[in-house]
Amino acid sequence: MKETILAISGRPGLFRLVGQGNRNLIVETLDAERKRMPAGQRDRVTSLGDVSMYSDDDDVPLMQVFQNLFDALEGKAVDLKLKTATNDQLSEVMAKALPNYDRDRVHYSDIRKLIQWYNILVREGLTDFVSKDEESKEEKQ
């Protein structure tokens, strides 16, 4: 899943990789519309599997952060209005997802984006964030 869910710079929300066209990717929005569109060479496309969050120790893969939040909230979406959320509320959610996040390098806008993406994935039922093999590797380290 993590290789096919994409973020595109300048476009809100998340996208699913559907296929490849001639010099572009065909992506589909992860919302009720399921609108398909091309993502060209000029678009900055990032797979969620390639994103990580800063912590006091090592960088933590975004999918592991999502899994931590999913476990802490028992599979529910974050019930928070992102436009009006205070910095303390955002910090509280982030502490559930990654208790030792680097408070100097992780900005409140990053936390808002993390919550927004997490809620999209939970709403769409895409909650297989970390495979069992990856989970066992994390526990051994």
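Residues numbered from 1 in each chain as written. Predicted model: local features only at pLDDT ≥ 70, side-chain atom pairs only at ≥ 80, totals over all residues. Heavy atoms only, no water.

Draft legend 1. Spatial organisation of the nonpolar core. By size, the foremost hydrophobic cluster in this structure holds 34 residues, and its most contacted members are Leu 14, Leu 48, Phe 66, Tyr 118, Leu 121 and Phe 129. Contributing elements (two or more residues each) for this core: β1 (5-8), α1 (62-72), α2 (87-97) and α3 (108-123). When residues in this core are grouped by element, the largest group, eight residues, is from α3. Counting residues in hydrophobic clusters, the runner-up holds six residues, among them Ile 8, Val 27, Met 37 and Ala 39. (Core = buried A, V, L, I, M, F, W, Y, C linked by side-chain atoms within 4.5 Å. Buried < 20%, exposed > 50% of the residue type's maximum accessible area, 1.4 Å probe, protein only. Helix = DSSP H or I, 4+ residues; strand = E, 2+ residues; numbered from the N terminus.)

Draft legend 2. Layout of the sheet that holds strand β3 (residues 25-29). As summarised here, the arrangement of the five strands in space is β4-β3-β2-β1-β5, forming an open sheet in which the pairing is antiparallel. Looking along the sheet, the strands with just one partner apiece sit at the ends: β4 (36-39) and β5 (45-47). Between one strand and the next, the sheet's axes are offset by a mean angle of 45°, whatever the strand orientation. Examined bridge by bridge, strand β2 (residues 15-20) and β3 share five bridges and lie antiparallel to one another. Bridging from a neighbouring strand, Gly 19 pairs with Ile 26 of β3. (Pairing = 2+ DSSP bridges. Axes fitted to C-alpha atoms, helices over the stretch in contact; angles between N-to-C directions.)

Draft legend 3. Summary view of α1. By the criterion of burial, α1 is predominantly enclosed, with eight of the eleven residues buried. Glu 74 sits one or two residues past α1 and shows a positive phi near 55°.

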